[in-house]
Amino acid sequence: MSTFAIGDRDFLLDGRPHRIISGAMHYFRIHPGDWADRIRKARLMGLNTIETYVAWNAHEPVEGQWSEKDGLDLGRFLDLIAAEGLHAIVRPGPYICAEWHNGGLPTWLTATPGIRLRQTDASYQAALETYLRRVYRIVAPRQIDRGGNVVLVQIENEYGAYGSDKDYLAELVRVTRDAGITVPLTTVDQPEPDMLEAGSLPGIHLTGSFGSRAGERLATLRQHQPTGPLMCSEFWDGWFDWWGSTHHTTDAGAAAAELDDLLAAGASVNIYMFHGGTNFGTTNGANDKGRYLPIVTSYDYDAPLDEAGDPTAKFHAFREVIAKYADVPDDVPPSATPRPEFSVALTPRRTSDAGVQRSLPGRVTFEDAAHTGTLLRYDVALPDGFAGGVLAIGEVRDQAWVSVDGIRIGSLSRTRHEHALRLPRGSALSILVEEQGRVNYAERLGEVKGLIGPVTVDGRDLAGWRTTPVLLEDTSAAPELSVAEGAFDLETATDLYLDTTGWGKGYVFVGDFLLGRYWSNGPQQTLYVPAPVTRAGRNTLTVVELEQPLAETARFVPRPLLGPLEE
């Protein structure tokens, strides 16, 4: 058993000063078959700690259906960290941001009528207490003072940027302590006086989140945390990408110099990210600060380990800096090798409208339909003798493809602020809506999805709507989708990069594993396929395309294509 505490100026490990040199990895963004590899490489860079968020909506997408299986086995992830001789920091939120779907909050929770998020509210607090106690049943026996490796637990996440409800924060602390968490508790906020004040509580250790100007930011943090160790618990070493932008990078040398400044000042650090991983499936978040911008599938983050777990120039630059302040292992992970390059023939899969009987009466939202997928189809009859007119929708969340009598006639995009479209003559209107990623930050957190507000033709409401949830695994409810399949053989399970250049917009499965979304507007042009998803022998590939006819061939390429680098 060991002890971990906060001293007058330092963290204290068994009573001796200790500096945390940590890196962020999110177990839910990494295939569990790769956890041990990524953790080992963290140690080889010189880290002594791994930090992870916990994503509530990954564990409980449907109320009451909690899962800790496979890629959600937080206990196993923490045990693998311990097996590598590293400590762990756990940040359970319940709000995590992280460019993750809905900021980590389940949609069934945020859809609760009248609920007030991230503040004193009976409905919200009852649900989050149940959630936290489930997480702490995993974390508590793995604390360092019980023979485990967890040294810190964070309360909320950058709360000062959102609210200032001290009673709410105090209730989180009460639940945390009552659930058996005895290690030191922290908060994190950007080093702005107002945020540090609003997001903190007496007796809970403040930390900062920033990526530059360490001296200035640490000085501000010290004004609000007069004693104890200084810590940047989110040292931003890269950035995330959103569809329609460019691939964001930071110079490895410049980032290493910033890390050097931070460590030279005596601070502890958690590098965000050490390894970003992937927004597998449809787990990407979105930002909306006046314009809705969904996050791409890759969460490469320009981190020291890239999306496939290969060391980058930043890995080696950071390792050299860390070696000035701590012991670093002699071993260095091997450089990346090109992945296999080959093509796969794609064959269209016939679909039918057999799934339409699952439709619901009325024009309802994703939340009303309790649909955790990303596609809803709305159908309604047009007035008798309809000779054409203007379709107007209050708000599309987030993209809609409009068809009349089964013929697609156009689309409406939230990103492009589009609300109206001229319809031709016809008798039946169908609108396929895609939820492209739920906002993970600020006041639009928890917003509903679907067709919002009035939907009219020439100013008149339409009656008799039906709403049909569409499952990517069974697209029979949306026969207008293009679905194609292919097969390929491998000598052994291996990482791959699927090239989506020239495709439109859609989703890809390898076997029954949903890799994520692709979209022609970039910057991401390849989808990463983790080796554990593949197998020796026959593998299958399924492509679901939303916008255009599918190509006849899929190509796997040696290296990722994340688009042109930002200047």
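Parameters and conventions
- Residues numbered from 1 in each chain as written.
- Predicted model: local features only at pLDDT ≥ 70, side-chain atom pairs only at ≥ 80, totals over all residues.
- Heavy atoms only, no water.
- Helix = DSSP H or I, 4+ residues; strand = E, 2+ residues; numbered from the N terminus.
- Rg over C-alpha atoms; globule rule 2.2 N^0.38 Å.
- Buried < 20%, exposed > 50% of the residue type's maximum accessible area, 1.4 Å probe, protein only.
- Contact = heavy atoms within 4.5 Å.
- Pairing = 2+ DSSP bridges.
- Axes fitted to C-alpha atoms, helices over the stretch in contact; angles between N-to-C directions.
- Expected span 1.5 Å × (residues − 1).
- Polar contact = N/O pair within 3.5 Å; in protein donor to acceptor, adjacent residues only side chain to side chain.
- Phe/Tyr/Trp six-rings, centres within 6.5 Å; stacked < 30°, edge-to-face > 60°.
- Lys NZ or Arg CZ within 6 Å of the ring centre and 35° of its normal.
- Parallel < 35°, antiparallel > 145°, perpendicular 65-115°, else oblique.
- Left-handed = near helix turned anticlockwise from the far one by under 90°.
- Nonpolar A, V, L, I, M, F, W, Y, C, P; charged D, E, K, R; others polar.
- Salt bridge = Lys/Arg side-chain N within 4 Å of Asp/Glu carboxyl O.

Asker: Just give me the short version of the overall build of the chain, but keep the residues and values in it.
Answerer: The secondary structure content of the chain amounts to 10 helices and 33 strands. Scaling as 2.2 N^0.38, a compact globule of 567 residues should have a C-alpha radius of gyration of about 24 Å, and the chain matches this with 25 Å. Considering only C-alpha atoms, the chain reaches an extent of 80 × 55 × 40 Å along its principal axes. Relative to its 567 residues, the chain shows a buried fraction of 59%. Contacts spanning at least 24 positions in sequence make up 78% of the contacts within the chain whose residues lie at least 6 apart.

Asker: So what's going on with the sheet that holds strand E10 (residues 231–236)? Residues and values would help.
Answerer: With parallel pairing, 8 strands are arranged side by side around a closed barrel as E4-E5-E6-E7-E8-E9-E10-E11. The sheet shows a mean angle of 25° between the axes of neighbouring strands, taken without regard to direction. In this sheet, strand E8 (residues 185–189) lies alongside strand E7 (residues 150–154) in parallel orientation, the contact comprising 2 bridges. If you follow Val 153 over to E8, its bridge partner there is Leu 185.

Asker: So what's going on with the side chain of Asp 499? Residues and values would help.
Answerer: With respect to the helices, strands and loops of the structure, Asp 499 is situated in strand E28 (residues 496–499). A relative accessible area of 5% places Asp 499 in the buried class.

Asker: Lay out helix H9 (residues 252–264) with the relevant residues and their values.
Answerer: Its 13 residues give H9 an end-to-end C-alpha distance of 18 Å, which sits within 8% of 18 Å, the value for a rise of 1.5 Å per residue. Against strand E9 (205–210), helix H8 (214–224), E10, strand E11 (268–272) and helix H10 (313–322) lie the buried residues of H9. Capping the start of H9 is the job of one residue whose side-chain oxygen sits 3.1 Å from the backbone nitrogen of Gly 253: Asp 251. Two residues or fewer after H9 comes Gly 266, characterised by a positive phi angle close to 90°.

Asker: I'd like a description of the environment of Leu 169, backed by residues and values.
Answerer: Of note, Leu 169 is situated in helix H6 (residues 166–178). C-alpha separation for the pair Leu 169 and Ala 5, spaced 164 residues apart in sequence, amounts to 21 Å. If we ignore the near neighbours within four places in the chain, the residues touching Leu 169 are Ile 155, Glu 156, Tyr 159, Ala 198, Gly 199, Ser 200 and Leu 201.

Asker: With reference to specific residues and values, describe the packing of aromatic side chains.
Answerer: By convention here, two paired aromatic rings are described through the distance between centres and the angle between planes. This model, assessed by the stated rule, comprises 28 aromatic pairs. Here Tyr 27 and Phe 28 contribute two aromatic rings whose centre-to-centre distance is 5.1 Å and whose plane-to-plane angle is 80°, an arrangement assigned as edge-to-face. Looking at Tyr 27, the relative accessible area reads 0%, which means it is buried. Taken together, a centroid distance of 6.4 Å and an interplanar angle of 85° make the contact between Tyr 378 and Trp 465 edge-to-face. Placement of Tyr 378 in strand E17 (residues 375–381) and of Trp 465 in the loop between strand E25 (460–461) and strand E26 (466–470) is noted, with a sequence separation of 87 residues between them. In this pair, the class of Tyr 378 matches that of Trp 465, namely buried. The residue whose ring lies beneath Arg 118 is Tyr 162, and the NZ or CZ to ring-centre distance is 4.3 Å.

Asker: Give a detailed account of the packing of H9 against H10, specifying residues and quantitative values.
Answerer: The N-to-C vectors of H9 and H10 enclose an angle of 25°; their axes lie 9 Å apart at closest approach. In terms of orientation, H9 lies roughly parallel with respect to H10. Handedness of the H9/H10 crossing: right-handed. Taken together, the residues of H10 that come into contact with H9 (itself represented by Ala 252, Ala 255, Ala 256, Leu 259, Asp 260 and Leu 263) are Ala 313, Lys 314, Ala 317, Phe 318, Val 321 and Ile 322. In terms of residue class, the contact of H9 with H10 is made up of 10 nonpolar, no polar and 2 charged.

Asker: Hey, could you go over the pattern of salt bridges for me, with residue numbers and the actual values?
Answerer: Counting across every chain of the model gives 39 salt bridges. Across the salt bridge formed by Glu 60 and Arg 134, the nearest N and O atoms sit 3.2 Å from each other. You can see Glu 60 sitting in the loop between helix H2 (56–59) and helix H3 (74–83) and its partner Arg 134 sitting in helix H5 (residues 122–139), a full 74 residues away along the chain. The exposure class of Glu 60 is buried, given its relative accessible area of 4%. Residue Glu 418 is joined to Arg 416 by a salt bridge in which the shortest nitrogen-to-oxygen separation is 2.9 Å. Looking at Glu 418, the relative accessible area reads 25%, which means it is partly exposed. Connected through salt bridges with shared partners, the residues Asp 288, Glu 395, Arg 397, Asp 398, Arg 414, Arg 444, Glu 447 and Lys 449 form a single ionic network.

Geometry only, nothing functional implied.
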